[in-house]
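Summary of the model geometry
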Amino acid sequence: MTTLGSSSSATGAAVRAGLSGRRRDTAGTVFQLLLLGSLLFSLLVILVLLVDVLTKAIPVFAERGLDFLTSPLSSNPAKAGVSQGIVGTAVLAVLVALLAFPMGLATAVYLEEYASDSRFTRFIQINIRNLAGVPSVVYGLLGLTVFVPLFDLLDGGDASGRSILAGGATLGVLVLPIVIITSIEALRAVPNAIREAGYGVGASRWEVTRQLVLPTAVPGVLTGTVLALSRALGETAPLIIVGAVLGSFSGLSLSTLFTGSYTALPMIVYDWSRKPQDAFRDNAAAAIVVLLAITLFANVIAIYLRNRSERTW
């Protein structure tokens, strides 16, 4: 009896120590330190890259100022600018948004709110998640096979299919699985009590989805779409395959914007980085800063819209 009582007392003391947080969890502490080390290492790598880029980019901006942003491409590094790349990147971002976001959100709404939980539905969702991990060069080959001949045919077959429309469609398909997945997760995060309340007052499924579920899921959807857009803006391989221009080209007018030659900031960075002149490499670093600024600007807009639409239940 004495042994049993002392054992129960020791167990009770261990439980109380665990509940009060005084029990030492060695494995948990080691795991927490590993996670912290991984975070610090990742931040260190990012910091080193940013310092290296800024060290090369700041002298370019200090010497040329806005001239670097407004000048066209050139074979002379002292005169080369990124104006054509900024326009091309902005147009590509708009095309991706118009193609991927409505289609991705509509697909997510159907799969999460309307489709039954069947094997076929689960099969579709698994394949969508697999498509999110496909290398971007594969989507470039898809764009070369599908979108380039399509736009060439629509434009009368005069070999103008390698246009910014084909590039935007290719990037839109590339990020479409990401938009679908993040939108599905945002819809799943909506409490079922909201749906039940809507059905309880006699609302239809469409009314519940449109007036209750979608407004609640908007913050998560915006976060996912910005991540998808950030990936699209940084892709180079698909654009090379579907016809984006490396190096300099003559002019960029509104009349030939959707049918003529085009380029984008990732293409400019790739082209300048492989040139032997150090001046072009410094320009590439400055172009990276411009691309980062555009991406951060898109993130700021998304955060602002997300905060405005966020609801607390």
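Presented here is an overview of the structure given in this document. No experiment lies behind these values; they were computed from the predicted model shown.

**As for the overall build of the chain**
A count of helices and strands for the chain gives 12 helices and 0 strands. The secondary structure elements of the chain, listed N-terminal to C-terminal, are α-α-α-α-α-α-α-α-α-α-α-α. Counting across all 313 residues of the chain, residues that qualify as buried make up 37%. Restricting to contacts in the chain with at least 6 residues of sequence separation, those with at least 24 account for 73%. As displayed, the chain offers around 17800 Å² of accessible surface, 66% of which is attributable to carbon and sulfur atoms.

**Some remarks on the pattern of salt bridges**
Tallied over the full model, the rule gives 9 salt bridges. The closest approach of N and O atoms between R64 and D67, which form a salt bridge, is 2.9 Å. Judged by relative accessible area, R64 falls into the buried class, the value being 14%. Owing to a relative accessible area of 37%, D67 belongs among the partly exposed residues under this scheme. Between E112 and R188 there is a salt bridge whose closest N-O contact spans 3.0 Å. Placement of the pair is E112 in helix 4 (residues 83–114) and R188 in helix 7 (residues 164–188), with a sequence separation of 76 residues. For E112, a relative accessible area of 24% gives the class partly exposed. The network of salt bridges with common partners includes E112, R129, E185 and R188.

**Quick notes on helix 6 (residues 136–154)**
Relative to the 27 Å expected for 19 residues at 1.5 Å per residue, helix 6 spans 25 Å between its end C-alpha atoms, a close match to the ideal helical length. Taken as a whole, helix 6 carries its principal kink of about 40° at G143. Taken as a whole, helix 6 has its buried residues at S136, Y139, G140, G143, F147, V148 and F151. Its buried side turned inward, helix 6 meets helix 5 (119–131), helix 7, helix 9 (205–233) and helix 10 (237–241).

**Describing the packing of aromatic side chains**
Across all of its chains, the model carries 3 aromatic pairs by this definition. A ring pair is formed by W272 and F280, whose centres lie 6.0 Å apart and whose planes are at 40°; its orientation type is tilted. Here W272 matches F280 in class, with each residue buried. Ring pairs connect the aromatic residues F61, F68, W272 and F280, which therefore count as one cluster. If you follow K275 out to its NZ or CZ, it ends over the ring of F280, 5.2 Å from the centre.

The rules behind each value
Residues numbered from 1 in each chain as written. Predicted model: local features only at pLDDT ≥ 70, side-chain atom pairs only at ≥ 80, totals over all residues. Heavy atoms only, no water. Helix = DSSP H or I, 4+ residues; strand = E, 2+ residues; numbered from the N terminus. Buried < 20%, exposed > 50% of the residue type's maximum accessible area, 1.4 Å probe, protein only. Contact = heavy atoms within 4.5 Å. Areas by Shrake-Rupley, 256 points an atom, 1.4 Å probe, with all protein chains shown as cover. Salt bridge = Lys/Arg side-chain N within 4 Å of Asp/Glu carboxyl O. Expected span 1.5 Å × (residues − 1). Bend = angle between axes of the 7 residues up to and from the residue. Phe/Tyr/Trp six-rings, centres within 6.5 Å; stacked < 30°, edge-to-face > 60°. Lys NZ or Arg CZ within 6 Å of the ring centre and 35° of its normal.

Such coordinate-based values are descriptive only and should not be taken to indicate function.
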